[in-house]
Amino acid sequence: QVQLVESGGGLVQAGGSLRLSCAASGRTFSSYVMGWFRQAPGKEREFVAGISWSGGSTYYTDSVKGRFTISRDNAKNTVYLQMNSLKPEDTAVYYCAARRRIAGIKFMSVDEYDYWGQGTQVTVSS
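Here's a quick rundown of the structure. (Residues numbered from 1 in each chain as written. Predicted model: local features only at pLDDT ≥ 70, side-chain atom pairs only at ≥ 80, totals over all residues. Heavy atoms only, no water.)

**Some details on the nonpolar core**
One recurring pattern in soluble globular proteins is that nonpolar side chains are buried together.
Alright, step 1. With 29 residues, the main nonpolar core has Met 34, Trp 36, Val 79, Leu 81, Met 83 and Tyr 94 as its most contacted residues.
Alright, step 2. Elements with a minimum of two residues in this core: strand S3 (18-24), strand S4 (32-39), strand S5 (46-51), strand S7 (68-73), strand S8 (78-83), strand S9 (92-100) and strand S11 (120-125).
Alright, step 3. With 7 residues, the next largest nonpolar core counts Val 33, Phe 37, Tyr 59 and Tyr 113 among its residues. (Core = buried A, V, L, I, M, F, W, Y, C linked by side-chain atoms within 4.5 Å. Buried < 20%, exposed > 50% of the residue type's maximum accessible area, 1.4 Å probe, protein only. Helix = DSSP H or I, 4+ residues; strand = E, 2+ residues; numbered from the N terminus.)

Put into structure tokens, the structure is as follows:
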């Protein structure tokens, strides 16, 4: 069982930056693939970024490539999402998610993740 708690959301102007954090409970954090998803009002939850258990592999949805960076610190049981050059269309509730790792597979679907945080609101003003 993994419990996830996000923090770091807020209101920022277009072009600004935010850093989201997701703290995980448990002693097996390094066994989990981690992902960030977001959900805007009236839209389905969508994949944003994922990271392998070691941090050696990262992957992103096209709309955030070059602007967002996912990273993790297994010693602190924490995964991060650095968001730069924010746009109004990035406005959403951002969720952290976790699942057991399977070597060589990238997980980008909501259905593939087993554990979810409560979400943190990110609002980008124009």
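**What to know about the state of the cysteines**
Alright, step 1. Evaluation of the coordinates by the stated rule reveals 1 disulfide.
Alright, step 2. Disulfide pairing is shown between Cys 22 and Cys 96; the S-S distance is 2.1 Å. The disulfide joining Cys 22 to Cys 96 has a torsion of about -80° about its S-S bond and is therefore left-handed. Remark: Cys 96 occurs in strand S9 and Cys 22 occurs in strand S3; sequence separation between them is 74 residues. Taken as a pair, Cys 22 and Cys 96 share a single burial class, namely buried. (Disulfide = S-S within 2.5 Å.)

**Focus: the environment of Gly 56**
Alright, step 1. When you line up the elements, Gly 56 lands in the loop between S5 and strand S6 (58-60).
Alright, step 2. Residue Gly 56 is classed as exposed on the basis of its relative accessible area of 71%.
Alright, step 3. The spatial distance from the C-alpha of Gly 56 to the C-alpha of Ser 71 is 9.2 Å, given a sequence separation of 15 residues.

**Quick notes on unusual backbone geometry**
Alright, step 1. A positive phi angle, close to 55°, is found at Asn 77, a residue other than glycine.
Alright, step 2. Counting through the fold element by element, Asn 77 comes out in the loop between S7 and S8.
Alright, step 3. With a relative accessible area of 17%, Asn 77 lands in the buried category.
Alright, step 4. Positioned with a positive phi, Ser 85 is a non-glycine residue whose angle comes to about 50°.
Alright, step 5. Here Ser 85 shows up in the loop between S8 and S9.

**Describing the pattern of salt bridges**
Where charged atoms of side chains with opposite charge meet at close range, the side chains can pair.
Alright, step 1. One pass over the full model with this rule turns up 4 salt bridges.
Alright, step 2. Between Asp 90 and Arg 38 there is a salt bridge; the shortest N-O distance is 2.9 Å. Of this pair, Asp 90 sits in the loop between S8 and S9 while Arg 38 sits in strand S4, and the two are 52 residues apart along the sequence. The burial state of Asp 90 is the same as that of Arg 38; both residues are buried.
Alright, step 3. In this structure, the salt-bridge partner of Lys 65 is Asp 62, at a minimum N-O distance of 3.0 Å.
Alright, step 4. Because the salt bridges share partners, they merge into one network encompassing Arg 38, Glu 46, Arg 67 and Asp 90. (Salt bridge = Lys/Arg side-chain N within 4 Å of Asp/Glu carboxyl O.)

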